[in-house]
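# Observations on chain architecture
Each chain, written out:
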Amino acid sequence: MTIRPALAFSLLLAATTAFAQTLPEVERSIVPVAAWGGTPADPAQAHRQAITHITLHHQGEPFRPGTDPRQYLRNLQTWSRNTKHWLDIPYHYIIDLDGNIYEGRKIDFAGDTNTEYDPTGHALIEVVGNFEEVEPNQQQLDAVVRLMAMLAHKYDVPLDHIASHRDFSTQTVCPGANLYRYVQDGYFRHKVALRLAQEQAGTR
Ligand SMILES: [Zn+2]
């Protein structure tokens, strides 16, 4: 198949546009708690933290296509507070099936976990789905990279502090074998390094 120059140009433009978000723009694109119908946590009850690590999780349950992510987040917030008696959703960011990023717990507040590691200092990212059973889609992988790069840039987190739940806990398979593969083979660290270099050079 031959591609006419005009078409080739518009394809190229589409590709660069998709990649054109600066890291501050990535941060601004995050859906805030109020926009999904959540309520703020009580700051007086919060355990404050400074970010030193970026740690990836999965939902660990199937996320059916057509599920409203906002409803899922409201349910997760209610369950976290009423059943687990946590301050808030345990994660700071949640990524849906389309690669949209939602704010969970405030990043200044340390997360929570059912396992034995101390999440203080960790920016916790949850990707919806169970990656023991399904593969992450490309939008989800791209969103993880964007978000990790934004966080690494903002909080000066070294690349070797980008990891996942099971790297800190023997009690879990989280973030699931099919997502963990991208942690283990260095995909995320590599893509984040590229993104940070582009941000530095201003050549996104
Ligand atoms: Zn986890």
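Anyway, here's the lowdown on the structure attached to this text.

Basis of the calculations
- Residues numbered from 1 in each chain as written.
- Predicted model: local features only at pLDDT ≥ 70, side-chain atom pairs only at ≥ 80, totals over all residues.
- Heavy atoms only, no water.
- Helix = DSSP H or I, 4+ residues; strand = E, 2+ residues; numbered from the N terminus.
- Buried < 20%, exposed > 50% of the residue type's maximum accessible area, 1.4 Å probe, protein only.
- Polar contact = N/O pair within 3.5 Å; in protein donor to acceptor, adjacent residues only side chain to side chain.
- Pairing = 2+ DSSP bridges.
- Axes fitted to C-alpha atoms, helices over the stretch in contact; angles between N-to-C directions.
- Contact = heavy atoms within 4.5 Å.

### Digging into the side chain of Glu103
Positionally, Glu103 belongs in strand S3 (residues 101-103). Judged by relative accessible area, which is 17%, Glu103 ranks as buried. A distance of 3.0 Å separates a polar atom in the side chain of Glu103 from the backbone nitrogen of Val33. One polar contact links Glu103 to Lys106, side chain to side chain, over a distance of 3.2 Å.

### A closer look at the sheet that holds strand S4 (residues 122-127)
Taking strand neighbours across the sheet as the criterion, the five strands line up as S3-S2-S4-S1-S5 in an open arrangement whose pairing is mixed. Each edge of the open sheet is held by one strand with a lone partner, namely S3 and strand S5 (162-164). Strand-to-strand, the axes of this sheet are offset by a mean angle of 25 degrees, without reference to chain direction. Direction of pairing for strand S1 (residues 53-58) relative to S4: parallel, over a ladder of six bridges. From the neighbouring strand, His57 faces S4, where its bridge partner is Glu126. Packed on one face of the sheet, helix H3 (residues 69-82) meets strand S2 (93-95), S3 and S4 and runs near 30 degrees to S3.

### Some remarks on the pairing of S1
Here S1 lies mainly inside the structure; six of its six residues are buried. Every second residue of S1 is oriented toward a common face, with His53, Thr55 and His57 on one face and Ile54, Leu56 and His58 on the other, all of them buried. Sheet analysis places S1 next to S5, joined by three bridges and oriented parallel. Paired with Thr55 across the two strands is Ala163, which belongs to S5.

### Some thoughts on helix H5 (residues 177-184)
Restricting attention to buried positions, one finds in H5 the residues Asn178, Leu179, Tyr180, Tyr182 and Val183. The inward-facing, buried residues of H5 abut S1, S4, helix H4 (138-155), S5 and helix H6 (187-201). Positive phi shows up at Gly186, right after H5, with a value of about 85 degrees.

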